[in-house]
Amino acid sequence: MPVLGYHYGPDWNQDLYQATIDRVIPDRNDLPSGLIAHYAAPREGGGWQVVDVWESAEHHDRFLRERVMPVAQELGAPPFETKMTELYNSLVA
């Protein structure tokens, strides 16, 4: 079942996000298994947010555990909040 992952870091910014994504997905033509869509943007009031759509919670959790968290730790990144829910509907032009 597809899932929507929402990640928010009040102390994250574009530079920290970019440093992380450049190491986590260095080749944008070779996306992680199970990733359907990825969106990132500043959040009104501060911080940084990322919204992903994954084929399954297992794909999301594995990517976060094996690729994102080690890089975030190496960069000394502050913590971020993660919420997930099953995806009900998706419309993409």
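Our subject is the structure that appears above.
Reading the values: rules and limits
- Residues numbered from 1 in each chain as written.
- Predicted model: local features only at pLDDT ≥ 70, side-chain atom pairs only at ≥ 80, totals over all residues.
- Heavy atoms only, no water.
- Helix = DSSP H or I, 4+ residues; strand = E, 2+ residues; numbered from the N terminus.
- Rg over C-alpha atoms; globule rule 2.2 N^0.38 Å.
- Buried < 20%, exposed > 50% of the residue type's maximum accessible area, 1.4 Å probe, protein only.
- Contact = heavy atoms within 4.5 Å.
- Areas by Shrake-Rupley, 256 points an atom, 1.4 Å probe, with all protein chains shown as cover.
- Lys, Arg positive; Asp, Glu negative; His and termini not counted.
- Charge placed at Lys NZ, Arg CZ, Asp CG, Glu CD.
- Core = buried A, V, L, I, M, F, W, Y, C linked by side-chain atoms within 4.5 Å.
- Salt bridge = Lys/Arg side-chain N within 4 Å of Asp/Glu carboxyl O.

Novice: Where do I start with the overall build of the protein in this structure?
Specialist: The helix and strand inventory of the protein stands at two helices and four strands. Listing every helix and strand of the protein by position from the N terminus yields β-α-β-β-α-β. Its C-alpha atoms give the protein a radius of gyration of 13 Å, within 12% of the compact-globule value 12 Å for 93 residues. By principal-axis analysis of the C-alpha atoms, the protein measures approximately 35 × 30 × 25 Å. Per-residue burial over the protein gives 33% buried out of 93 residues. Considering only contacts in the protein between residues 6 or more positions apart, those separated by 24 or more positions represent 67%. Counting every atom, the protein has about 6100 Å² of accessible surface; 51% of that belongs to carbon and sulfur. The positive charge centre, built from 7 side chains, and the negative charge centre, built from 14, are 2 Å apart in the protein.

Novice: Hey, could you run me through the nonpolar core in this one?
Specialist: Across soluble globular proteins, nonpolar side chains show a tendency to be buried alongside one another. By size, the foremost hydrophobic cluster in this structure holds 17 residues, and its most contacted members are W12, V24 and F63. Where this core is concerned, the elements lending two or more residues are α1 (14-24), β3 (48-54) and α2 (57-75). Apart from residues no more than four positions distant in its own chain, W12 is found in contact with Y17, T20, G47, W48, A72, A77, P78, P79 and F80.

Novice: Please clarify how the pattern of salt bridges should be interpreted in this entry.
Specialist: When charged atoms on two side chains of opposite charge get close, those side chains can pair. Under the criterion given, the structure shown has four salt bridges. With a shortest N-O distance of 3.0 Å, R28 and D22 are connected by a salt bridge. A salt bridge links E81 to K83, with the nearest nitrogen and oxygen atoms 3.3 Å apart. For E81, a relative accessible area of 36% gives the class partly exposed.

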